[in-house]
Amino acid sequence: MSLRLSHQPFDLQLRNRWAISGASAAVGGKRVHPVVLVRLEDSRGGFGLGEASPSTQYHETVATVSRFLSLVDASKLSFEDLASSAAYLDSIRPMSPPARCALDLALLDGAARAAGVPVHRFLGLEFTEGRHRTSFSLGIDTPEVMAQKAADAVADGMRLLKVKVGVASDRENLAAVLGAAPEATLRVDANAAWTSREEALDHIRHLAATGRVEFVEQPMPPTLPDADWIWLKERSPLPVLGDELYQTWEDAARCARCVHGVNVKLVKTGGITGARIALESARALGLKTMLGCMIESSLLITAAAHLADLTDYLDLDGNLLIRNDPFTGVNCTAGLLGFDGVSPLTGLRVAERADL
Ligand SMILES: [Mg+2]
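Note that the structure is predicted; figures quoted are calculated from it, not measured.

Asks: What is the right way to look at the domain arrangement of the protein in this model?
Replies: Accessible area lost upon the coming together of the parts is a frequently used measure of interface size. What the domain assignment reports for the protein is domain 1 (4–122) and domain 2 (136–350). Taken over C-alpha atoms, the centre of domain 1 sits 21 Å from the centre of domain 2. For the side of domain 1 that touches domain 2, the secondary structure elements donating two or more residues are strand E1 (4–18), strand E2 (30–41), strand E3 (47–52), helix H4 (97–115) and helix H5 (119–122). Looking at the side of domain 1 that touches domain 2, the element that brings in the most residues is H4, giving 10 residues. For the side of domain 1 that touches domain 2, the residue count by class is 19 nonpolar, 10 polar and 7 charged.

Asks: What is the right way to look at the packing of helix H8 (residues 197–209) against helix H9 (residues 226–235) in this model?
Replies: Each pair of packed helices can be described by the angle between their axes along with the distance between the axes. It is at 10 Å that the axes of H8 and H9 come closest, and there the two elements cross at 25 degrees. Taken as axis vectors, H8 and H9 run roughly parallel relative to one another. As H8 packs across H9, the resulting crossing turns out to be right-handed. Contacts between H8 and H9 involve Arg197, Ala200 and Leu201 from the former and Asp228, Trp231, Leu232 and Arg235 from the latter.

Asks: Is there a simple way to think about unusual backbone geometry in this case?
Replies: The bulk of non-glycine residues show a negative phi, and the bulk of peptide bonds are trans. The peptide bond linking Arg93 to Pro94 adopts the cis configuration, its omega dihedral lying at -5 degrees. Although it is not a glycine, His59 sits at a positive phi angle of roughly 60 degrees. Along the polypeptide, His59 turns up in the loop between E3 and helix H2 (62–70). In the Ramachandran plot, Gln218 falls in the positive-phi region, its phi being about 40 degrees despite a non-glycine side chain.

Asks: Where do I start with the nonpolar core in this structure?
Replies: In a soluble, globular protein the nonpolar side chains are often hidden away together inside. In this structure, Val38, Ala102, Ala150, Leu161, Val177, Cys255 and Ala304 are the most contacted members of the largest nonpolar core, which totals 109 residues. For this core, the element with the highest residue contribution is H4, accounting for 10 residues. Residues lining this core come from more than one domain, with at least three contributed by each of domain 1 (4–122) and domain 2 (136–350). With sequence-adjacent residues up to four places away left out, Ala304 is seen in contact with Leu266, Leu291, Cys293 and Leu316.

Asks: Which parts of the structure should I look at to understand the packing of helix H6 (residues 143–155) against helix H7 (residues 170–180)?
Replies: One can describe the packing of H6 onto H7 by two numbers: an axis separation of 8 Å at closest approach and a directional angle of 30 degrees. What the angle tells us is that H6 and H7 run roughly parallel. Where H6 crosses over H7, the handedness of that crossing is right-handed. Here Pro143, Glu144, Met146, Ala147, Ala150 and Ala151 of H6 come into contact with H7, specifically with Glu172, Asn173, Ala176, Val177, Gly179 and Ala180. Tallied by class, residues from the contact of H6 with H7 come to 8 nonpolar, 2 polar and 2 charged.

Asks: Whenever I open this one, the sheet that holds strand E5 (residues 160–164) confuses me. Can you help?
Replies: Consider a sheet: its strands pair through backbone hydrogen bonds, and that pairing is either parallel or antiparallel. Read across the open sheet, the 8 strands follow the order E4-E5-E6-E7-E8-E9-E10-E11; overall the sheet is parallel. This sheet does not close on itself; its edge strands, each paired only once, are strand E4 (136–138) and strand E11 (313–314). Note: strand E8 (residues 240–242) against strand E9 (residues 261–264), 2 bridges, orientation parallel. Bridging from a neighbouring strand, Gly242 pairs with Val262 of E9.

Asks: Could you clarify how one ought to interpret the sheet that holds E1 in this entry?
Replies: Read across the sheet, 3 strands follow the order E1-E2-E3 without closing on themselves; strand pairing throughout is antiparallel. Every interior strand has two partners, whereas the edge strands, E1 and E3, have only one. Adjacent strand axes in the sheet meet at a mean angle of 25 degrees when their direction is disregarded. Relative to E3, E2 runs antiparallel, the two sharing 6 bridges. Each bridged residue has a counterpart across the sheet, and for Arg39 the counterpart in E3 is Leu49.

So, how was this worked out
- Residues numbered from 1 in each chain as written.
- Predicted model: local features only at pLDDT ≥ 70, side-chain atom pairs only at ≥ 80, totals over all residues.
- Domains from an automatic or database assignment.
- Helix = DSSP H or I, 4+ residues; strand = E, 2+ residues; numbered from the N terminus.
- Nonpolar A, V, L, I, M, F, W, Y, C, P; charged D, E, K, R; others polar.
- Axes fitted to C-alpha atoms, helices over the stretch in contact; angles between N-to-C directions.
- Parallel < 35°, antiparallel > 145°, perpendicular 65-115°, else oblique.
- Left-handed = near helix turned anticlockwise from the far one by under 90°.
- Contact = placed C-beta atoms within 7 Å.
- Core = buried A, V, L, I, M, F, W, Y, C linked by C-beta atoms within 7 Å.
- Buried ≥ 20, exposed ≤ 12 C-beta atoms within 10 Å, placed from the backbone.
- Pairing = 2+ DSSP bridges.

Structure (structure tokens):
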């Protein structure tokens, strides 16, 4: 049964100003993150939902997503034949990974709903309740604001804080967070800010000396040669994870040489299907795995959570950073993700505010 596709832009409103290293920190951060919501439906009332969260970091916008979606002939898609549907979508150019992600989610969601099972079960995976704890991300801000955000997160039960760094005030910010959240474990994400291996090692040694940092994500630009990454990997006192370094499963061999683990995101890999391959490819090469996110609604976060059993670490908090989430999905109780009582089917449930 062929499908009908509809899509609409939706502005996610951030609870706080959001900045990471680079352009967004330079302009003081942003308050709105636009996404595109996607719905596929068949003629018998079956439907599946998806979301594209484009990031300018990856040269994607609502316009690139919308352009891809406008090229899709939905009559060539079906919930019954996911392989043919995927092959058709993969043939469309220019490719837009976030748009491809939204369609992958909608197809899987529709197929799993039709089968009457959660997405992870549909994929032959388990979801272990009580095991999956997400970190909570602190964007770059003043030391005072970062300390307040850390204290608020800890008051909400968060034990893992992911601190964004890459500005001149990093050490003051870090000290403020450490003081405000004395029990929390920190993860640090430089978003490629440190431009040489020596600079990166100096920062990582400082982080390690606090005794509170679990790992460092993307310390240097992915464009640096493997030799620099290998030099850093051999000397770093903390595990190094690649994010911008790991776009799809095809980067797994390079990451196995250059870092200790990888951050997989659905919007980079083109959805649940690509993320699963990226996680399994990384694990097969001995890499630690993390599932991460962009600023996203509960739809994308829930979709990612279905793959949690394939990970060592989770950073699925994009929905906690917004105040107009149009969906409800996976539960997050004091950082612990779970599907208990969420939905009889897919773990995705449209809240009343959704205008789809
Ligand atoms: Mg990152």
